[in-house]
Amino acid sequence: MTLRTLPMIDRVGDAFFALDTDFRFTYLNEQAEALLERSRQELIGRVMWDEFPETVETQFPDGFYQAMDEQVAVSFEVYHTPLDTWFEARAWPAENGLSVSMRDVTDRKERETKLARNTAVVEAIQDGVVTLDDNNRILSINATIEGVFDIDAESVHGEHVEMLLEHANVDPEDTVRVGRALSDVDVGNSQLRTLELPYTDASGDARVADVRVVPIDHGSANLACIARDVTDQREYERIVTSLHEVTRWLLDSNDPEEICAIAVHAGGDLLDLPICGVWLLDDEYGYLDPVAGTAGAHEEFGGLPRFRPGEGLVWDVFESGDLAHFDDLLEVEGLYNPETPIRSEVIAPIGTHGVLMTGSKRPNDFDETDLDLLSTLVENTRAALDRAIREQVLKERSDQLERQTDRLEAVADILSNDLKHQLETVETALEEDDEPADWEFPLANDTVSTTLDRVEHLVDDVREFARNATAVGPRTRIDLEAAIQEAIDGSSLEQPAIVVDADATLRADRERFTHLLETVFDDTAARADGPVTVQVGLLGVEDPGSNTRGFFLMDDAAEIPPIDHDRVVTLEFENGDGSGERGLGLALARAIAEAHDWSLSVTNGQHGGTRIEIRDVTTLERHA
């Protein structure tokens, strides 16, 4: 470097200094003096590393030694801490050492840092980002877009955005919508455009994206499209909407079993829970009884089990009243079936009604969304069952009152007619005894006594029939043959011949059962014209699994015609002469049988006579 060049170097805007081969300062321009905050007189002849020891820990030594040893120009960036400034340092070999210039590049470094930070943010977010130039050509795509569509950023750089839409199988009409949104934002009609865009990902799955188009100022990029996958969100919204429809179906039903079937259908088809079932508590027996299940559940288990108190996780969860979620049943103790193929399971109590259970052969197969939707379904099912049971009880009470009203009206008619007939009989008997010579107290007359006995029996029948059909008192063990003898003694049947094929016992309300038999025997007496034989036999006791077991009473009195078999057990039935001699008759016997959950039917014997069958007596047991 010559002195002639010094004035020109002084006028250079960059800081400049020269070093000899021992790294002593030989020259500094004014900018270098200002940068180093030392004058030329202080530094010339001094070794750089001695005067500025902090530079030893920077890129300066490596760069300077490389330029000196290899006689090549080097360039590197260095941060000046006191000035909070970035410099680009350049060193090149000179005749007797090195020439060094330093340029302030802080602004550029800040732009690069900001760009790198923005790029890192774009790459870090899970939303897909595409930047476009003013011709809607792709300048960049982030890693999310690359992964979703299995494409490389370099392969689409410079391509028109329509190429990416085609790659995503976007419908032509939706492509036009995207073009309009880009145009609106590009010309400044809007600062934001949003649209929902169906597309297909690299796996061929149909997805939905929420796309936002915004203006940006980043180099040559002036538009950005941010796409967020909302497929799961839309599916969740669809399911919630469908659950509202399912709730309407649930609340429209009055049948608990139908409600459970609807819930299982919703669990299987709507929530994609193929192995799903509902168990309801049987109030009489106290176990959880399966009432509905998906086809997948039946195929997997060949039928759903019944859970008794203390059996398995199902009963524990039902008693706790809180939904339980098991990620892996291999890690759970107390399983009902330790060999179950089910790995993950959810058990949700339906209030006090029962439980809904769903399972999967894969562990960890249920997430929070599944639990949330399942809880909604179960709560709606509980509300529907509450309502159905309330309405069922109200309907039963209403039907019961209606039946009782009809019964009382019919009883009133019969009572009126029968009492009228009996009183006419008494009046006739009294009129026949009008001769003073033959007069005696009318009530001693056999006809009058019989008539009044009949009135008393009729009143007993009315009182019995007017009772609630379900009003059965405590059931006790009754000997059938003894009960028959007691009923004959209390009936109007005189000295019948009783043939008991096989004796047995049963459980019933003793008073009402006796009244049932008395009513049957009174009906036999009304049809008898002379001595009567009554045969008693058992039904269905030879088959231990039979649910139609019971007994029959067959007499050889006048037959009830087949045309009257169904009518004779109703209150509408009357004797052919209209006298009403039978009173309530077999209608009362049937009412008492039904109060015990039995059935009563009338038929004819094989060789004549009338046969009364009482079935569904599940407690009937033959004597040893």
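Our subject is the structure listed above.
As the structure is a prediction and not an experimental result, all values here were calculated from the model.

Enquirer: Tell me what's going on with the packing of aromatic side chains, and back it up with residues and numbers.
Expert: Two descriptors summarise a pair of aromatic rings, namely the distance from one centre to the other and the angle between the planes of the rings. This structure, assessed with the given rule, holds 16 aromatic pairs. Centroid distance Phe25 to Phe52: 6.2 Å. Interplanar angle 80°. Geometry classified as edge-to-face. With a gap of 27 residues between them, Phe25 in strand β2 (residues 25-28) and Phe52 in the loop between α4 (48-51) and α5 (60-70) connect regions that are remote in the sequence. Exposure class is identical for Phe25 and Phe52. Each is buried. Each residue in the set Phe23, Trp49, Phe60, Phe64, Tyr65 and Phe76 is aromatic and connected to the rest through ring pairs, giving one cluster. Cation over ring: Arg611 sits above Phe552, and NZ or CZ is 3.9 Å from the ring centre.

Enquirer: Explain the environment of Pro290 residue by residue, including any values.
Expert: Along the polypeptide, Pro290 turns up in strand β12 (residues 288-293). Note on Pro290: relative accessible area 24%, which makes it partly exposed. Each C-alpha atom of the pair Pro290 and Val355 lies 9.5 Å from the other, and the pair is 65 residues apart in sequence.

Enquirer: Go over the sheet that holds strand β11 (residues 275-281), please, and point to the residues and values.
Expert: Two modes of strand pairing occur in sheets, parallel and antiparallel, and in both the strands are linked by backbone hydrogen bonds. In space, the five strands of this open sheet follow the order β12-β11-β15-β14-β13, with antiparallel pairing throughout. Pairing within the sheet leaves two strands with one partner each, and these edge strands are β12 and β13 (324-326). With strand direction ignored, the average angle separating the axes of adjacent strands in the sheet is 20°. Here β11 pairs with strand β15 (residues 354-360) via six bridges, running antiparallel.

Enquirer: Which residues make up the side chain of Thr381, and what values do they have?
Expert: As for its position among the elements, Thr381 is in helix α15 (residues 368-432). By relative accessible area, Thr381 is classed as buried at 0%. Every residue in contact with Thr381, bar those within four places of it in the chain, is listed here: Leu250, Ile259, Ala263 and Ile350.

Enquirer: Tell me about the nonpolar core, residues and numbers included.
Expert: Judged by nonpolar contacts, the single largest core of 41 residues is most densely connected at Leu506, Phe513, Leu517 and Leu586. For this core, the elements supplying multiple residues, two or more each, are α17 (480-490), β18 (504-508), α18 (510-527), β19 (533-539), β20 (550-555), α19 (585-595), β21 (599-604) and β22 (610-615). For this core, the element with the highest residue contribution is α19, accounting for six residues. Membership of the second largest hydrophobic core comes to 30 residues, among which are Cys276, Ala292, Leu356 and Phe366.

Enquirer: Any chance you could break down the pattern of salt bridges for me, citing the residues and the numbers?
Expert: Summed over all chains, the structure comprises 26 salt bridges. One salt bridge in this structure joins Glu42 and Arg38, with 3.8 Å as the shortest N-O distance. For Glu42, a relative accessible area of 42% corresponds to the partly exposed category. As a salt-bridge pair, Asp127 and Arg228 come within 2.9 Å of each other at their nearest N and O atoms. Of this pair, Asp127 sits in the loop between α6 (106-124) and β6 (128-132) while Arg228 sits in strand β10 (residues 221-229); the two residues are 101 residues apart in sequence, bridging distant segments of the chain. What makes Arg228 partly exposed here is its relative accessible area of 43%.

Enquirer: Could you give me a rundown of the pairing of β20, with the residues and numbers involved?
Expert: Among the six residues of β20, six are classified as buried, and the element is accordingly described as predominantly covered. Covered by surrounding structure in β20 are Gly550, Phe552 and Met554 together with Phe551, Leu553 and Asp555, the residues of both alternating faces. Where β19 and β20 come together, six bridges link them in antiparallel fashion. In the strand pairing of β20, Leu539 is matched with Gly550.

Enquirer: Explain unusual backbone geometry residue by residue, including any values.
Expert: In this structure, Gln71 takes a positive phi of about 55° despite not being glycine. Mapped onto the elements, Gln71 comes out in the loop between α5 and β3 (74-80). A positive phi is found at Asp597, a non-glycine position, where the angle reads about 65°. Structurally, the position occupied by Asp597 is in the loop between α19 and β21.

Enquirer: Just give me the short version of the sheet that holds strand β23 (residues 621-622), but keep the residues and values in it.
Expert: What the three strands build is an open sheet, ordered β16-β18-β23; its pairing is antiparallel. Of all strands in the sheet, those bounded by a partner on one side alone are β16 (476-479) and β23. Note: β18 against β23, two bridges, orientation antiparallel. In the strand pairing of β23, Thr505 is matched with Glu621.

Enquirer: Tell me about the pairing of β6, and name the residues and values.
Expert: A regular strand carries its side chains on alternate faces of the sheet. In terms of burial, β6 is a largely internal element, five of the five residues being buried. Alternating positions in β6 separate into two faces, Gly128, Val130 and Leu132 on one and Val129 and Thr131 on the other, with burial throughout. With five bridges connecting them, β6 and β10 associate as antiparallel partners. Paired with Leu132 across the bridge in β10 is Leu223. Hairpin connection, β6 to strand β7 (residues 138-141): the antiparallel pair is bridged by five residues, and Asn136 has positive phi, about 60°.

Each value, and the rule that gives it
- Residues numbered from 1 in each chain as written.
- Predicted model: local features only at pLDDT ≥ 70, side-chain atom pairs only at ≥ 80, totals over all residues.
- Heavy atoms only, no water.
- Phe/Tyr/Trp six-rings, centres within 6.5 Å; stacked < 30°, edge-to-face > 60°.
- Helix = DSSP H or I, 4+ residues; strand = E, 2+ residues; numbered from the N terminus.
- Buried < 20%, exposed > 50% of the residue type's maximum accessible area, 1.4 Å probe, protein only.
- Lys NZ or Arg CZ within 6 Å of the ring centre and 35° of its normal.
- Pairing = 2+ DSSP bridges.
- Axes fitted to C-alpha atoms, helices over the stretch in contact; angles between N-to-C directions.
- Contact = heavy atoms within 4.5 Å.
- Core = buried A, V, L, I, M, F, W, Y, C linked by side-chain atoms within 4.5 Å.
- Salt bridge = Lys/Arg side-chain N within 4 Å of Asp/Glu carboxyl O.

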